[in-house]
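# Residue-level structure breakdown
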Amino acid sequence: MKKKEICAAMLAALLTLTGLSGCKTEKDARPVGSETVSQRGYSVSSMEEDEPALLTFEQKGRGSDTAGGDYRPETDVPYQMYATGLIYPLTDAGQGYYFLSGVGQDWESSLYYWPKGGAKAAPVCGKPGCLHNKKEIDPESMTQEEYSNKMSECEAYMGRTYWIQYLNGKLYGLERDSISRDLFLTEIDPAGGARKRLRTLEEGDEDGNTTIYPLYSCFHRGYLYFYRFGGEQSEICRLDLTQPDSQPEVIYEPEDIFPEGFMLYDRYLYAYSRDHFEDESPRRYVRVDVETKEQIAFEAAGAVAIFEGKLAIPREDGIYLAGLDGSEPQLIFRGGKGCYTGGGYLVVESAEEDSCARYPFFLLDGSGEVQGSVSLRAVGRPDYLGADDDHLFFYFRAQGNDDNAQYALNLSTGELVEYYKWSGTEDSTE
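A few points on the structure. Just so it is clear, the model here is predicted, and its values are computed rather than measured. (Residues numbered from 1 in each chain as written. Predicted model: local features only at pLDDT ≥ 70, side-chain atom pairs only at ≥ 80, totals over all residues. Heavy atoms only, no water.)

## Description of the pairing of strand β26 (residues 359-364)
- The element β26 is extensively covered by neighbouring structure, given that six of its six residues are classed as buried.
- Side chains Tyr-359, Phe-361 and Leu-363 project from β26 onto one buried face, and the interleaved Pro-360, Phe-362 and Leu-364 project onto a second face that is buried too.
- Sheet topology note: the strand β25 (residues 345-349)/β26 ladder contains four bridges and is antiparallel. Paired with Glu-349 across the bridge in β26 is Phe-361.
- Bridge count for β26 against strand β27 (residues 370-376) is six bridges, and the pairing is antiparallel. When the bridges of β27 are listed, Leu-363 appears paired with Gly-372.
- Turn length for the β26-β27 hairpin, with the two strands adjacent in sequence and antiparallel, is five residues, and the turn residue Gly-368 shows positive phi of about 90 degrees. (Buried < 20%, exposed > 50% of the residue type's maximum accessible area, 1.4 Å probe, protein only. Helix = DSSP H or I, 4+ residues; strand = E, 2+ residues; numbered from the N terminus. Pairing = 2+ DSSP bridges.)

Put into structure tokens, the structure is as follows:
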């Protein structure tokens, strides 16, 4: 099979019953109990050389993925789309997803839309003969001004918009002015990409810098939450968007350490941070009540996830489920690098690639039972982007391919869709 056919095809992963033999991880990842994953029949079976992913199931059915607590999908940031602590790479608009694609230099981006179940994402532009379809655009051969002028003619062009979130039929994001470097809260038309600046969040200083770091940001229950760096001190703040003259309110200000990521769920902020002035400084984890500012520290070795009304916590020896305040943690899975929520499962990332150079992700229910696994044949460790009720989203470069791509794995059919390919000058929607 040709490389381009591999990249463009919608590939069906295999749905298999137990009793399979296959590759094993270097470190034994296993549910709590005496059997290893492979002994219980959850190991991945062999793949054809051109298959970038394999999905195996024991056909036990999915969990309920009930969030627990007070989750309000119409106003809350979606906990299933939280993966890295940095950004929410896709935003759910009901029938499909919007996302930003970098189009060249200095974080310039374009707005794309992927309909659920579709083959490819497309730029949100209806302009005939638009430049977003032209392969001859080479950013390296132009000045920044020439490149920006060409791309700004596209209706999908978003300038230096860093992230977006869909709320009440509209898209919102944070945009930096290319000249003044001021940072704005921006409303974006989902149908055509037109932008309207609603509010100046911060003016750029004489060097064009702002203290607000826009990649650590999200909307939650009428507030904009963001990370602000102030020289030798950092803080996580929120801004009441219902009040035009509101000022930032500090939610979390750790001593001598800096937030590296945060997640919001219900009325709680889960933040992790470390001391950047000390080599090999351990990360610190805390839950903050955004109303009372009460803090509860807990032990973890990576970003946490919400699953079936509990807190999933990665530690050095495995994955734990605990109360939402981190209390009474119970080990449910030995091993694993990280954990996420997706499609009714707790998704556990293996700490090691297996002997067939694949990267397994195990799918657990609320009791820690492995319901299946996803194994990706990738160059380097894949990035888990998030999930909805039916899909897991990944970003990786499949072995044998030249370009990184974003994939959606349908958990019901096993179909893997490469919906967007990141390439320097080639049309990613072809």
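After that view of the structure, there is still more to cover.
## Observations concerning the pattern of salt bridges
- Using the criterion set out here, one finds 16 salt bridges in the structure.
- Across the pair Lys-120 and Glu-418 runs a salt bridge whose closest N-O atoms are separated by 2.7 Å. Of this pair, Lys-120 sits in the loop between β6 (109-115) and β7 (122-123) while Glu-418 sits in strand β31 (residues 415-422), and the two are 298 residues apart along the sequence. Neither Lys-120 nor Glu-418 differs from the other in exposure class; each is buried. (Salt bridge = Lys/Arg side-chain N within 4 Å of Asp/Glu carboxyl O.)

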